[in-house]
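Commentary on secondary and tertiary structure
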Amino acid sequence: SAVTQDYARSGYDRGHLCPAGDFKNDQELQNETFYMSNMSPQAPDFNRGIWSDLELRVRHWAETRGGLVVVTGPILKAGLSYIGERNQIAVPESFYKIVYDPQTNQAIAFLIPNEGSIELVKSFAVPIDKVEKLTGINFFSQLPDAVEQKIETSVRLDDWF
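As the structure is a prediction and not an experimental result, all values here were calculated from the model. Counting restarts for each chain, with residues numbered from 1 along the sequence as it is written. Per-residue local features of the predicted model are confined to residues with pLDDT of at least 70, and side-chain atom pairs are confined, for both listing and counting, to 80 or more; whole-chain, interface and lining totals are unaffected and use all residues. Note that water and hydrogens are dropped before the side-chain values are worked out from all heavy atoms of the structure.

A short note on the sheet that holds strand β6 (residues 94–101)
In sheet architecture, strand pairing relies on hydrogen bonds along the backbone and comes in two forms, parallel and antiparallel. Reading across from one edge, β3-β6-β7-β8 is the order of the four strands in this open sheet, with antiparallel pairing throughout. The open sheet has two edge strands with one neighbour each: β3 (69–74) and β8 (125–126). A pair of strands is considered paired only if DSSP assigns at least 2 bridges between the two. Starting at the N terminus, helices and strands are each numbered in turn, a helix being any DSSP run of H or I of at least four residues and a strand any DSSP run of E of at least two. Where strand β7 (residues 106–113) lies against β8, two bridges are found, and the strand directions are antiparallel. If you follow Ala109 over to β8, its bridge partner there is Val126. Contacts between residues were defined by any pair of non-hydrogen atoms, one from each residue, lying within 4.5 Å. Where helices are involved, their axes are fitted lines through C-alpha atoms of the stretch in contact, as for all axes, and angles between N-to-C directions lie from 0 to 180°. The strands touched by helix α2 (residues 44–65) within the sheet are β3, β6 and β7, with β6 carrying the most contacts at an inclination of about 5 degrees.

Points about helix α4 (residues 145–152)
For α4, the complete set of buried residues consists of Val147, Glu148, Ile151 and Glu152. Projected down its long axis, α4 carries its buried residues within an arc of 110 degrees, all on one side. The outward face of α4, more than 90 degrees from its buried face, is lined by the exposed residues Asp145, Ala146 and Gln149. Where α4 is buried, its residues contact β6, β7 and α3 (128–135). A 1.4 Å probe rolled over the protein chains alone gives each residue an accessible area, and that area as a share of the maximum for its type sets the label: buried under 20%, exposed over 50%, partly exposed in between. What the arc measures is the spread of directions leading from the helix axis to the C-beta atoms.

Overview of the pattern of salt bridges
Definition used for salt bridges: Asp or Glu carboxyl oxygen within 4 Å of a side-chain nitrogen of Lys or Arg. Here the structure, examined in full by the defined rule, presents four salt bridges. Note that Asp22 and Arg59 form a salt bridge whose closest N and O atoms lie 2.7 Å from each other. Of this pair, Asp22 sits in the loop between β1 (13–16) and α1 (27–32) while Arg59 is found in helix α2, placing the two residues 37 residues apart along the sequence. For Asp22, a relative accessible area of 38% puts it in the partly exposed group.

Examining unusual backbone geometry
In this model, Arg9 sits at a positive phi of 55 degrees, which is unusual for a non-glycine residue. You can see Arg9 is positioned in the segment before β1. Note on Arg9: relative accessible area 80%, which makes it exposed. One non-glycine residue, Asn105, adopts positive backbone phi at about 55 degrees. Topologically, Asn105 is positioned in the loop between β6 and β7.

Structure below.
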């Protein structure tokens, strides 16, 4: 498991996958977001820029829509560079975030390179199917096939922006 020292002088932030800001009303849960298992090496301009913008957008959607299902992670593959003196921590080239609204059966996915960007968040929207191909994960296999097909094959920006 990664330790804080693995990030020292690496040039990367300890980027949260599940942001601490999502748990301002529950100190215990907020503390748990600081576990190393919830962190991944993120370029500072990415973490403090476009990724932070996406986290704020998702938080807004959760406040206005109610309960959402949010799935986040790094895209891992062979040949990535590593940081860490005690452990080898892979540096992902990109990260994904998928947001599903069970009340409306609407979903949106984002795939963002691990680098700074001046693009708008919505320019990184992709079909969920693309994230599934990159990760090998079938995210919504428990949904009825018709719903899964609808939400995974297209990008419906008008549902979210």
